[in-house]
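# Coordinate analysis (summary)
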Amino acid sequence: MSDTPKPDTQQILDRGKQALIGNYARLPVVMHRGEGAYLWDTDGKRYLDLFAGFGGSILGHCHPALVAAATEQSHRLWHVGNTFYTEPQIELAERLNKTAFPGQAFFCHSGLEANEAATKLARLRGGEHETKKWKVVSLNRSFHGRSLAMIAATGNAAVKAGFEPAVPGFTQVDLGDLEGLTAAVDAETAAIILEPIQGEGGIHPVPLEYAKKLRKLCDAHHITLIFDEVWTGCGRTGKWFAHQHFADAFGEIVRPDIMTLGKAMGGGLPVGVMFARPEIAKLLVPGRHGSTLGANPICMAVSKTIFDVVERENLLEHASQLGEHAISRLRNDSKLKGKITEAQGRGLFLGIQLSTEPDKTVGKVLE
Ligand SMILES: Cc1ncc(COP(=O)(O)O)c(C=O)c1O
């Protein structure tokens, strides 16, 4: 190893600026290696990774179980396409059944693709209704992805700007504003899509009572309720899926008709999922939707192993406990008095509202 010539970081950065489109505000750092919660750059500097690849690397870097799963699968079968059955994707779909609700899975590569698939399926279902439902209502402050349809669903003007005219049929209302929501819904509304805990511009959990009313509204008007769990899925909030926090005193959970997943599902590999109740999923017959590389066996084997590790290492409980500890310290630590307006979220999906400019004190309390 010591004979390996030291990479010329500046030269790599210059090449990167030349070769890559500048649509990301990249930091002037070249990451070279990762292990657990740590990253090393090309100069050998170590970082504690609190970024986790936009939330993809849920088990950290190069987790041995994931490396083993990818290696083992890569020696057996890489890719065949969805003209055939393969076991890794069936096993993963079965894991979703066990941890979420009875449903069927469609696999793709990203959160936005999962949301696109969900919207298409909701429109297929809506098209069967006498009022030919096709419209979608979503929330302000939401994020659902960067395709043309998903920026139309996203409640953030900055994400839409420059890409007009908007795809028709999408409206946004404020979280919690039931009157506004009821007014936005009409006979042509096919779907309501929302994140159970919003994660853009702060962390905003959807209240249980609001979720219950949404479910009722959707049932009453044959509207497909889609929970976008792209960011909240796979254990991050201390439950497998954030909507499982929508439980009343009797343990009754407010469930969606369709749940979409991405990010953590692949542990850093490209995995998106649309998971739908079978009565709705059955409308997606051959020719209606698909993906060339979706359900790639290596990605599926890794994703399934994430479920194994989270279960084996009791990580749901761990995320809950760490989250409670962090919130309690953030709210009660005397050093932070006057600096934090609010700390909220579930498990390790937490947001802190600062009342001052960020400084080192906030980072320190989390140590
Ligand atoms: C809630 C939510 N939905 C959808 C997406 C889009 O996912 P992807 O970037 O994988 O397309 C994101 C990404 O940040 C997200 O947070």
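Please read all numbers here as calculations on a predicted model, not as lab measurements.

Here we come to the overall build of the chain. When helices and strands are counted, the chain shows 13 helices and 14 strands. Relative to a compact globule of 367 residues, whose C-alpha radius of gyration would be 21 Å, the chain shows 22 Å and is just as compact. Buried positions account for 45% of the 367 residues belonging to the chain. Carbon and sulfur atoms make up 56% of the accessible area of the chain, which totals about 19,600 Å². The positive charge centre, built from 40 side chains, and the negative charge centre, built from 41, are 1 Å apart in the chain.

As a further point, take unusual backbone geometry. Residues Glu-164 and Pro-165 are joined by a peptide bond in cis, for which omega reads 0 degrees. Among the structural elements, Pro-165 can be located in the loop between helix H7 (157–160) and strand S6 (170–173). At Ala-52, a residue that is not glycine, the phi angle is positive and equals roughly 55 degrees. With respect to the secondary-structure elements, Ala-52 resides in helix H2 (residues 52–55). Looking at Ala-52, the relative accessible area reads 18%, which means it is buried.

A few words on the site of the ligand. Taken together, the neighbourhood of the ligand is formed by Ser-110, Gly-111, Leu-112, Asn-115, Phe-143, His-144, Gly-145, Glu-195, Asp-228, Val-230, Trp-231 and Lys-263. For the ligand, an oxygen atom lies 2.8 Å from a polar atom in the backbone of Gly-111. Note that a nitrogen atom of the ligand is positioned 2.7 Å from one of the side-chain N or O atoms of Asp-228. Protein chains bury 82% of the 390 Å² of accessible surface belonging to the ligand in isolation. The leading source of residues in the shell around the ligand is helix H5 (residues 111–127), at 3 residues. Split by residue class, the shell around the ligand holds 4 nonpolar, 5 polar and 3 charged.

With that settled, consider the packing of helix H4 (residues 87–99) against helix H11 (residues 297–312). Think of two packed helices as two axes; the pair is described by the angle between the axes and how far apart they sit. H11 packs onto H4 with a crossing angle of 35 degrees between their chain directions and a minimal axis gap of 8 Å. In this structure, H4 meets H11 at a crossing whose hand is left-handed. Here Pro-88, Gln-89, Glu-91, Leu-92, Arg-95, Leu-96, Lys-98 and Thr-99 of H4 come into contact with H11, specifically with Pro-297, Met-300, Ala-301, Ser-303, Lys-304, Phe-307, Asp-308 and Glu-311. Among the residues forming the contact of H4 with H11, the class breakdown is 7 nonpolar, 3 polar and 6 charged.

The tally for this structure, following the rule as stated, stands at 6 aromatic pairs. Judged by centre distance (6.4 Å) and plane angle (50 degrees), the rings of Tyr-38 and Trp-40 are tilted. On the basis of an interplanar angle of 65 degrees and a centroid distance of 5.7 Å, the ring pair of Phe-227 and Phe-246 is categorised as edge-to-face. Taken together, the residues Phe-227 in strand S10 (residues 224–228) and Phe-246 in the loop between S10 and strand S11 (258–261) connect sequence positions 19 residues apart.

Parameters at a glance
Residues numbered from 1 in each chain as written. Predicted model: local features only at pLDDT ≥ 70, side-chain atom pairs only at ≥ 80, totals over all residues. Heavy atoms only, no water. Helix = DSSP H or I, 4+ residues; strand = E, 2+ residues; numbered from the N terminus. Rg over C-alpha atoms; globule rule 2.2 N^0.38 Å. Buried < 20%, exposed > 50% of the residue type's maximum accessible area, 1.4 Å probe, protein only. Areas by Shrake-Rupley, 256 points an atom, 1.4 Å probe, with all protein chains shown as cover. Lys, Arg positive; Asp, Glu negative; His and termini not counted. Charge placed at Lys NZ, Arg CZ, Asp CG, Glu CD. Near = heavy atom within 4 Å. Polar contact = N/O pair within 3.5 Å; in protein donor to acceptor, adjacent residues only side chain to side chain. Nonpolar A, V, L, I, M, F, W, Y, C, P; charged D, E, K, R; others polar. Axes fitted to C-alpha atoms, helices over the stretch in contact; angles between N-to-C directions. Left-handed = near helix turned anticlockwise from the far one by under 90°. Contact = heavy atoms within 4.5 Å. Phe/Tyr/Trp six-rings, centres within 6.5 Å; stacked < 30°, edge-to-face > 60°.

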